[in-house]
Amino acid sequence: DALSRHCYPSRERMLWDYFARVPCAQCYSNAALCAIKLADHAHAAALCEHAMECRPEDGDLTKVLLRHGQARLELGEVDAALPLLQRAADKEPTNRAVRESRAV
């Protein structure tokens, strides 16, 4: 990763930095959204897995779970997608995007 190479001796070291975790997760999540919009669902799923390594919390976690679930659905991996979408729904049951994704 360019982010970790620029600022840290290793990616693992970056993940131990508490102050880097939030923007790291947000960057990966936003990149995953871009990949979804470009229909590069395999890359989006991989970016979401990187985001999860940053241990996102609250709304950031919901976004990562939603995007990961959407990417997995588009890849035809329904068994992998449903638990992700359910976990997002459990975290934010009133989130419209989460409800709409689960209705698919």
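Residues numbered from 1 in each chain as written. Predicted model: local features only at pLDDT ≥ 70, side-chain atom pairs only at ≥ 80, totals over all residues. Heavy atoms only, no water.

## Some points on the nonpolar core
Here is step 1: Counting residues in hydrophobic clusters, the biggest one holds 14 residues, and the most contacted among them are Tyr 28, Ala 32, Ala 44, Leu 47 and Cys 54.
Here is step 2: For this core, the secondary structure elements donating two or more residues are helix 3 (18–37), helix 4 (41–53) and helix 5 (58–74).
Here is step 3: Excluding its chain neighbours within four sequence positions, the residues that come into contact with Leu 47 are Tyr 28, Ala 31, Ala 32 and Ala 35.
Here is step 4: One finds Leu 61, Leu 65, Leu 85 and Ala 88 within the second-largest nonpolar core, a separate group that totals eight residues. (Core = buried A, V, L, I, M, F, W, Y, C linked by side-chain atoms within 4.5 Å. Buried < 20%, exposed > 50% of the residue type's maximum accessible area, 1.4 Å probe, protein only. Helix = DSSP H or I, 4+ residues; strand = E, 2+ residues; numbered from the N terminus. Contact = heavy atoms within 4.5 Å.)

## Let's talk about helix 5
Here is step 1: In this model helix 5 runs 25 Å from its N-terminal to its C-terminal C-alpha over 17 residues, within 8% of the 24 Å that 1.5 Å per residue would give.
Here is step 2: Taken as a whole, helix 5 has its buried residues at Leu 61, Thr 62, Val 64, Leu 65, Leu 66, Arg 67, His 68, Gly 69, Ala 71 and Arg 72.
Here is step 3: Packed against the buried residues of helix 5 are helix 3, helix 4, helix 6 (78–91) and helix 7 (96–103).
Here is step 4: Within two residues after helix 5, Gly 76 carries a phi angle of roughly 80°, on the positive side. (Expected span 1.5 Å × (residues − 1).)

## Brief notes about the state of the cysteines
Here is step 1: The tally for this structure, following the rule as stated, stands at one disulfide.
Here is step 2: The residue that forms a disulfide with Cys 24 is Cys 54, at a sulfur-sulfur distance of 2.4 Å. Residue Cys 24 is found in helix 3, and its partner Cys 54 is found in the loop between helix 4 and helix 5; the two are separated by 30 residues along the sequence. For the pair shown, Cys 24 and Cys 54 are each scored as buried.
Here is step 3: Between Cys 27, a cysteine without a disulfide, and Cys 24, which holds the nearest cysteine sulfur, the sulfur-to-sulfur distance is 7.2 Å. (Disulfide = S-S within 2.5 Å.)

## Considering the packing of helix 6 against helix 7
Here is step 1: Look at helix 6 against helix 7: their axes get within 9 Å of each other, and the N-to-C directions meet at 145°. Relative to helix 7, the crossing made by helix 6 is left-handed. Contacts from Leu 85, Gln 86, Ala 88 and Ala 89 in helix 6 reach Val 98, Ser 101 and Arg 102 in helix 7.
Here is step 2: Broken down by class, the residue content of the contact of helix 6 with helix 7 amounts to four nonpolar, two polar and one charged. (Axes fitted to C-alpha atoms, helices over the stretch in contact; angles between N-to-C directions. Left-handed = near helix turned anticlockwise from the far one by under 90°. Nonpolar A, V, L, I, M, F, W, Y, C, P; charged D, E, K, R; others polar.)

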